[in-house]
Amino acid sequence: MKGKITRWVLVGLGVLFIALMLLLPLAAVLVYALRQGWATFLSAVTDTYAIKALQLTLLAAGITLAINTVFGLFAAWAITKFRFRGKQALTTLIDIPFSISPIVAGLVFIVVFGRIGWAYPLLEAWNIKIVFAVPGIVLATIFVTFPFVSRELIPLMQASGSDEETAAALMGARGLRIFRRVTLPHIKWGLLYGVILCTARALGEFGAVSVVSGHLRGKTNTLPLHVEILYSEFRLTAAFSVASVLVVIAVLILILRNIVEHKLKREERL
Amino acid sequence: MYVELKDIDKRFGSFQASDGVSFGVAKGKLIGLLGPSGSGKTTILRMIAGLEAPDAGDILIGGKRVNDISAAKRGVGFVFQSYALFRYMSVFDNIAFGLTVQKKERAYIKERVDELIRLTGLSGLEARRPHQLSGGQRQRVAFARALAPNPHLLLLDEPFAAIDAKVRKELRSWLRETIGKVGITSIFVTHDQDEAVEVADEIIITNKGRVEQIGTPTDIYKNPATPFAAEFIGESLIIADYGRLHGFEKLPGFGSAVLRPEFVRVVKPEQEPYPHASQRGTVAEVLFRGNSLELSIDVSGIRLIAYHSLDGDVFQPGDAVSVLIHRLFLLGAREVKKTENASLQNNTAFFI
C-alpha cells in the first residue's frame, strides 16, 4: 500500500516536472510562432536568410557527422581492442568537450586561427579563412560533438571483448573484413544511436559556433544564430517561427532515437 | 618432434610468464598443458599460435622456425576458452569463415562444412545463431570452425571451462575420440588434473612459468619428478614429520613427504597381517563419499586420510585401527624420492 503511494507520488512529480520544464515551453514556442497566423509563420521560415541558415546548419551537421563517426569508430576501436600506454589519458581527453563550456571551445579557435591566433600568418599566406567563415563553424561543431559516437561505442565494444576479432584474424581475415563481418554487426545500433545524438547536438550547437561565426547574415549564420539575431531585433514572431523548425527537427530526432534505443536494447539481450 | 619450443622466455611487465620453457610434441599426439592459474600455460599456447611473441627462444612447427610468421599463416587452429564464436553469424557461416577468407570455391566450402557438421554431430543446427545453442554445442562449433581450414595443429584453451560439470565428462571423451579420428596434433590447456589425465596422451606440467615434468599420465602419477608435480597430481597430503610414520626414516635434505590416500591401508587391529610394519591410530572422522568412505585417522599426532571400501569393516569415530603405509614421496628442494615402507620390505624378505 505504502509502496503504491510512493510510486504514484514519484511518477506524478516526474510528469509534472517534465510538463512544466519541457513540454510547456516547447508548446509555447509553437503557439507563439503561429500567433499571427500561418502566413507570417511561413514568410519567416521561408525568408532567404532563414533558408541560408538552415542550409549552413545542415551542411555543418553533415560534415561533422561524417568526420565524428569515423573518428569515433577509430577512437573506440583503438581504446577497446588494443593495449597501449596512455590509454586512460586518451579516454579522458575524448570527454573534454562534454565538460568544457562551448564558449571556451569557440575562443580556443579564435586564439588559434583568428587574427590574434598563432596560425593566422600561415592561413593568411595560403589565403584560407577559418574564423568568421564556414570552416570555423564546422570545426567548432566537430569539437563540441566529437565524444558522442565514441562514448556510445566504447562500453559496447568493451563488453564484447576482442576474442571474436582475434579469432577472425587468426583465420587470416584482414582489418576491413573483420570490421564488416564481426565488429560492425555488433555495434551497428550503438553506432547509429551515437550518430543521432551527435546530429541533434550539431544541429542545435550555439555557444562555440556563436564565437567563431561573426554572425554574417546569409554567410555564417546557422539556424540557432539566426533565431538569436531575430530575437535581439525584437522580431519575436519570426524568431519563434524559426525556433519551431528546430523544435520539430528535435522531436523527429527524438522519435528516431527511441526506435534505435529499442533495437539496441533488444540486441543487448543477445 | 612436430612442435618444438626451445628456451622460451616471456615477460609481461614484472611477471615472468615463461622461464626457459622447452618441450617437444610428437606428430599426432594429444598433449595436455596442466598447471595452476598463473603458471604460464595459456601464454605458451598463445605463443605457439602466434598471438603473443616470445622475448627469447625459438618455436618450431613441422621443423620450421615460426617466430616471425604471423598467426594467420602458421596453419594453426585455435579454440578459445570463451569459444569466441561470431555471434551475428549462423553455425554454418561460423564454420565456413576460415574457408571464405581463403577464397575457396563455394561448392568446396559447402562440402567441407557439411562434413564437419556431421563429424561434430551438429546436423540440423546449421542456421542457428550461437546464442541459441547449449554450451556443449557451442564448443563443438568452435572446434569445427578451428578444424575447417585443415590446420596441422590444433590448440585449445581450457576447452571445458565454460561447460556444466555434468556435460563436461561426456564432452571429454567425445573430444578425445574426435581428435583421434581426425588425427591432428593437438595441445590443450587445463588447470583440472582429472581432465588432463583423462584426455591427454601426454601431460606437460607447468608452474611459475617453468615446465616441471613431461610424461604420460601414468608415468607422472607414479613417478613425479619434482615436488610440485608430486603435490599437484593426485590427492596429496603433505606431512612434515614423516619420520614418525612406521617404516620410514627422515632423510636429510627431504623436509616433507607427500602421502596419497591410496598409499594407506586401514584394518582392525586384530586383523593386521604385518604388525611390525604398521602402527596404531584412532579414527577421527568418517565421511561418506558415494563410492567409498573417507577416513581421517590420527597416527602419532599426524592426521592422515585414507579411503575405505563400503563393503569392508565398519569404523566409527574413536575406533582404534591399524594403519599400514606402503609408500611416500619424499620432497627435496628440486627432487622427489619415492620410498617404500622399510619394515614391510624386510618382512617380505624374511618370509622368502
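Residues numbered from 1 in each chain as written. Chains lettered and ligands numbered in written order. Predicted model: local features only at pLDDT ≥ 70, side-chain atom pairs only at ≥ 80, totals over all residues.

It is worth spelling out the overall build of chain B at this point. Counting its secondary structure elements, chain B contains nine helices and 19 strands. The principal-axis extent of the C-alpha atoms belonging to chain B is close to 80 × 45 × 40 Å. Across the 352 residues that make up chain B, the buried fraction comes to 40%. (Helix = DSSP H or I, 4+ residues; strand = E, 2+ residues; numbered from the N terminus. Buried ≥ 20, exposed ≤ 12 C-beta atoms within 10 Å, placed from the backbone.)

Moving on, we come to the confidence of the model for chain B. Overall, the predicted model of chain B reaches an average pLDDT of 90, with 98% of residues at or above 70. In the model output, the complex is listed with pTM 0.79 alongside ipTM 0.79. (pLDDT = per-residue confidence, 0-100.)

This part covers the environment of Thr222 of chain A. Residue and element names in this part refer to chain A. With respect to the helices and strands, Thr222 occurs in the loop between helix H12 (207-213) and helix H13 (223-232). Here the alpha-carbon distance between Thr222 and Pro155, two residues 67 residues apart in the chain, equals 33 Å. Setting aside chain neighbours within four positions, we find Thr222 in contact with Ala53, Leu56, Thr57, Ala60, Ile137, Val209 and Ser213. (Contact = placed C-beta atoms within 7 Å.)

Quick look at the domain arrangement of chain B now. All names here are of chain B. When its domains are assigned, chain B resolves into domain 1 (3-226) and domain 2 (237-351). Spacing between the C-alpha centres of domain 1 and domain 2 amounts to 40 Å. On the side of domain 2, four residues touch domain 1, which itself brings four residues to the contact. For the side of domain 1 that touches domain 2, the per-class residue count stands at two nonpolar, two polar and no charged. (Domains from an automatic or database assignment. Nonpolar A, V, L, I, M, F, W, Y, C, P; charged D, E, K, R; others polar.)

Listed per partner, the contact involves 14 residues of chain A and 17 residues of chain B. Looking at the side of chain A that touches chain B, the elements with two or more residues in it are helix H10 (163-170) and helix H11 (175-204) of chain A. Sorting elements by how many residues they give to the side of chain A that touches chain B places H10 of chain A first, with seven residues. Its residues placed into classes, the side of chain A that touches chain B shows nine nonpolar, three polar and two charged.

Turning to the sheet that holds strand E14 (residues 279-288) of chain B, a few remarks are in order. Residues and elements named next belong to chain B. One open sheet accounts for five strands, arranged E13-E17-E14-E15-E16; its pairing is antiparallel. With one partner strand each, in any of the chains shown, strand E13 (264-267) and strand E16 (302-308) form the two edges of the open sheet. Along the sheet, successive strands turn relative to each other by an average axial angle of 45 degrees, direction set aside. Sheet topology places E13 next to strand E17 (residues 320-325); four bridges connect them, and they run antiparallel. Each residue of the ladder has a partner; that of Val266, found in E17, is Val323. (Pairing = 2+ DSSP bridges. Axes fitted to C-alpha atoms, helices over the stretch in contact; angles between N-to-C directions.)

What follows covers the packing of helix H2 (residues 91-101) of chain B against helix H3 (residues 106-119) of chain B. Residue and element names in this part refer to chain B. For the pair H2 and H3, the least separation of the axes is 10 Å and the interaxial angle reads 130 degrees. Relative to H3, the element H2 is oriented oblique. Read as a crossing pair, H2 and H3 show a hand that is right-handed. Judged by residue contacts, Phe92, Ile95, Ala96, Leu99 and Thr100 of H2 engage Ile109, Arg112, Val113, Leu116 and Ile117 from H3. When the residues that make up the contact of H2 with H3 are grouped by side-chain class, the tally is eight nonpolar, one polar and one charged. (Parallel < 35°, antiparallel > 145°, perpendicular 65-115°, else oblique. Left-handed = near helix turned anticlockwise from the far one by under 90°.)

Looking now at helix H8 (residues 134-145) of chain A. Residues and elements named next belong to chain A. In this model H8 runs 17 Å from its N-terminal to its C-terminal C-alpha over twelve residues, within 8% of the 16 Å that 1.5 Å per residue would give. Most of H8 sits out of view: ten of its twelve residues are buried. Residues of H8 that are buried include every one of Gly136, Ile137, Val138, Leu139, Ala140, Thr141, Ile142, Phe143, Val144 and Thr145, and no others. The secondary structure elements touched by the buried residues of H8 are helix H3 (48-81), helix H5 (96-99), helix H6 (102-113), helix H9 (147-160), H11 and H12. (Expected span 1.5 Å × (residues − 1).)

Take the environment of Phe82 of chain A next. Residue and element names in this part refer to chain A. Positionally, Phe82 belongs in the loop between H3 and helix H4 (87-94). For Phe82, a count of 9 C-beta atoms within 10 Å corresponds to the exposed category. Along the backbone, Phe82 and Ser162 are 80 residues apart, and their C-alpha atoms lie at a distance of 8.7 Å.

The next point concerns the sheet that holds strand E6 (residues 76-79) of chain B. Residues and elements named next belong to chain B. Reading across from one edge, E6-E7-E8-E3-E9-E10 is the order of the six strands in this open sheet, with mixed pairing throughout. The sheet terminates laterally at E6 and strand E10 (210-215), the two strands that pair on one side only. Going across the sheet, the axis of each strand differs from the next one's by a mean of 20 degrees, ignoring polarity. As defined by bridge partners, strand E3 (residues 30-34) adjoins strand E9 (residues 202-207) across four bridges and the pair is classed as parallel. Across the sheet, residue Ile31 finds its bridge partner in E9, namely Glu202.

Glancing now at H3 of chain B. All names here are of chain B. Counted at 1.5 Å a residue, the expected span for H3 with its 14 residues is 20 Å, and the 20 Å between its end C-alpha atoms agrees. Listing the buried residues of H3 in full gives Ile109, Arg112, Val113, Leu116 and Ile117. Along H3, the residues classed as buried sweep out an arc of 135 degrees about the axis, all on the same side. Opposite the buried face of H3, at more than 90 degrees from it, the exposed residues are Ala107, Tyr108, Glu111 and Arg118. As for H3, its buried residues are in contact with H2 and helix H4 (135-147). Looking at the residues trailing H3, positive phi occurs at Gly121, about 65 degrees. (Arc of directions from axis to C-beta.)

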